Amino acid sequence: MLYRVTRPISNLVERYLPDPYIFVLLLTIIVLALASLVTPFSPIQAVTAWGQGFWKLLTFAMQMLMILLAGYMLASTPICIKALNKLAKQAKTPVLAIIMVTLVAMLASWINWGFGLVIGALFAKALAKQVAVDYRILVASAYSGFIVWHGGLSGSVPLTIASEGHFASSSIGVIATQETLFSQFNLLILLLLFILLPLLNALLLPPKDQQILLDKSKLEEHVEHIKVDEETLTPAQKLEHSKLLGTLIGLLGCGYLVQYFVFADGTLNLNSVIAIFLFLAILLHQTPARLLTSLHQAITGGAGIVIQFPFYAGIMAVMVESGLAQQISSAFVSISSADTLPFWSFLSAGLVNIFVPSGGGQWAVQAPIVIPAAQMLEADIARVAMAVAWGDAWTNLVQPFWALPVLAIAGLKAKDIMGFCLIQLIFSGVIIAAMLTWA
């Protein structure tokens, strides 16, 4: 029904949207130029900050890569694949397939963003085997579920300010997740998105004569069953295919997680989420050989993160050290009141996210701006913090950086889905902004 709107946008995107790597190179040039023109930084200072910033987020980059790889390995275990295929058989029509993939991706992203990206892409492929549906909107719907991640259990901003000793604790203290993730306004945003976004995606389905269907023969399983003749295996190969070894390590890891969460009062953070995915993947794959096969396939999806994340780290360094990011945030804050600060914080975060696609890194940039503003205006700090979080998640819909894993798994290019994503961006932005302001 809405395809008449998306078709010209899709044509425009397909013609002019470059590869995500080219996109980050262009962003680099733009940020260096802006920093040199509108901040006290000279061109030499801007380039120096960029080069030095290249390597400042390697730890975080490794965490991002590990959460993607571990999530992929877990999602590609036989039990998860069978569950996805069984669920996909329930989709009898293209519309139902789009609604189902959106809901599954949203639920998985609410639990954890890395798991959501992987599950959404794999479920889209499982559905494409069962139903003749335009593959582009199916994958775009899977990616759209990613929008809820920062309002969910792995949201870096709400988890950061809920942690003892976080960098802004001296000014705002510790803000419990009951005031952020489980607040009434955040739950209302999630509820509306869970209801309305699947319906929007269903309306974006092109007419039958304009749909692009994928050859089902190309939709193969990610991890094939490895058949071996145990009598011909060398001692080293027997270890690689040993169910005992894989199961033992998986159980050891799961035992540690029980001790961490139950007896040590551990919290859910990036490292603990990675550990959950990794040890469950080891346990469910059973043999090291199956796990390594899954890992090799997962690496393809993470290739874009490896090459692009240092560039974004350099961009972030220029944005922060030159004061460019602060200028953007301050410009929005300067026109805010206590009631409108969440709205303008949301928009400014969405803009900054194009250049700094990192929730935690973006909060480090914007917190020194929005926290004093919220205190001065006597605005709700928890709501303002969540506005930054939602702004970061919102423009990920058109930031090709985070679409890389989904596109790699699905076998598409960014330009194939971005026309649909632009409509999703506008639609979801209205909902989120309205709820942040008035809910």
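Every value quoted in this text rests on a predicted model; they were computed, and no experiment measured them.

Caption draft 1: Inspection of the overall build of the chain at higher detail. Across its full length, the chain holds 21 helices and zero strands. What you see for the chain is a C-alpha radius of gyration of 22 Å, in line with the 22 Å of a compact globule of 439 residues. Judged by the C-alpha coordinates and their principal axes, the chain covers about 70 × 55 × 45 Å. Here the chain, with 439 residues, has 55% of them falling under the buried criterion. Summed over its atoms, the accessible surface of the chain is roughly 19,000 Å², and 67% of this surface lies on carbon and sulfur atoms.

Caption draft 2: Just the packing of helix α8 (residues 135-144) against helix α20 (residues 400-410), in detail. Contact geometry for α8 and α20: axes closest at 11 Å, N-to-C directions at 140°. Classified by the angle between their axes, α8 and α20 sit oblique to one another. Along this stretch, α8 crosses α20, giving a crossing that reads as right-handed. Side by side, α8 and α20 meet where Tyr 135, Val 139 and Tyr 143 of the first sit next to Trp 402, Ala 403, Val 406 and Ala 410 of the second. Considered class by class, the residues forming the contact of α8 with α20 number seven nonpolar, no polar and no charged.

Caption draft 3: Inspection of the nonpolar core at higher detail. Membership of the largest hydrophobic core comes to 147 residues, with the highest contact counts inside it found for Phe 123, Leu 138, Tyr 143, Leu 193, Met 319, Trp 363 and Trp 390. With 13 residues, the single largest contributor to this core is helix α21 (residues 414-438). The residues touching Trp 390, leaving out its near neighbours within four places in the chain, are Ile 147, Val 148, Gly 151, Asn 186, Ile 189, Leu 190, Leu 193, Phe 346, Ile 432 and Leu 436.

Caption draft 4: View of unusual backbone geometry. Look at Asp 265: it is not a glycine, yet its phi comes out positive at around 55°. Tracing the chain through its elements places Asp 265 in the loop between α13 (243-263) and α14 (270-285). Classification of Asp 265 as exposed rests on a relative accessible area of 63%.

Caption draft 5: Empty space enclosed by the protein, seen in detail. Tallied over the full model, the rule gives two cavities of 30 Å³ or more. One number sums up the size of the second largest cavity: a volume of about 30 Å³. Considering the residues around the second largest cavity, the lining is formed by Leu 57, Phe 309, Tyr 312, Ala 313, Met 316, Val 356, Pro 357 and Ser 358. Here the lining of the second largest cavity is built from residues that sort into seven nonpolar, one polar and no charged.

Caption draft 6: Summary view of the state of the cysteines. Taken as a whole and assessed by the stated rule, the structure comprises zero disulfides. A disulfide-free cysteine, Cys 254 has its sulfur positioned 13 Å from the sulfur of Cys 80, the nearest such atom. Residue Cys 254 is classed as buried on the basis of its relative accessible area, which comes to 18%.

Caption draft 7: The pattern of salt bridges, seen in detail. Per the stated rule, a full pass over the model turns up one salt bridge. We note a salt bridge from Arg 136 to Asp 134, for which the minimum N-O separation is 2.7 Å. Using a relative accessible area of 7% as the deciding quantity, one classes Arg 136 as buried. Under the relative-accessibility criterion, Asp 134 is labelled buried at 0%.

Caption draft 8: Examining the packing of aromatic side chains more closely. Applying the stated rule across the entire model yields 14 aromatic pairs. The interplanar angle of 75° and the centroid separation of 5.2 Å between the aromatic rings of Trp 50 and Phe 54 together place this pair among those described as edge-to-face. Judged by relative accessible area, which is 12%, Phe 54 ranks as buried. A network of ring pairs unites the aromatic residues Tyr 21, Trp 50, Phe 54, Trp 55 and Phe 311 as a single cluster.

Caption draft 9: How the structure looks around the confidence of the model for the chain. For the chain, mean pLDDT is 86; residues scoring 70 or higher make up 94% of the total. Element-level mean pLDDT values for the chain span from 72 in helix α1 (residues 3-16) up to 97 in helix α11 (residues 184-203).

Reading guide: rules and limits
Residues numbered from 1 in each chain as written. Predicted model: local features only at pLDDT ≥ 70, side-chain atom pairs only at ≥ 80, totals over all residues. Heavy atoms only, no water. Helix = DSSP H or I, 4+ residues; strand = E, 2+ residues; numbered from the N terminus. Rg over C-alpha atoms; globule rule 2.2 N^0.38 Å. Buried < 20%, exposed > 50% of the residue type's maximum accessible area, 1.4 Å probe, protein only. Areas by Shrake-Rupley, 256 points an atom, 1.4 Å probe, with all protein chains shown as cover. Axes fitted to C-alpha atoms, helices over the stretch in contact; angles between N-to-C directions. Parallel < 35°, antiparallel > 145°, perpendicular 65-115°, else oblique. Left-handed = near helix turned anticlockwise from the far one by under 90°. Contact = heavy atoms within 4.5 Å. Nonpolar A, V, L, I, M, F, W, Y, C, P; charged D, E, K, R; others polar. Core = buried A, V, L, I, M, F, W, Y, C linked by side-chain atoms within 4.5 Å. 1 Å grid on protein atoms, 1.4 Å probe; cavity = no way out; pocket = protein on both sides within 12 Å on 5 of 7 lines; lining within 4 Å. Points joined across faces, edges and corners; volume = space filled by probe spheres on them. Disulfide = S-S within 2.5 Å. Salt bridge = Lys/Arg side-chain N within 4 Å of Asp/Glu carboxyl O. Phe/Tyr/Trp six-rings, centres within 6.5 Å; stacked < 30°, edge-to-face > 60°. pLDDT = per-residue confidence, 0-100.

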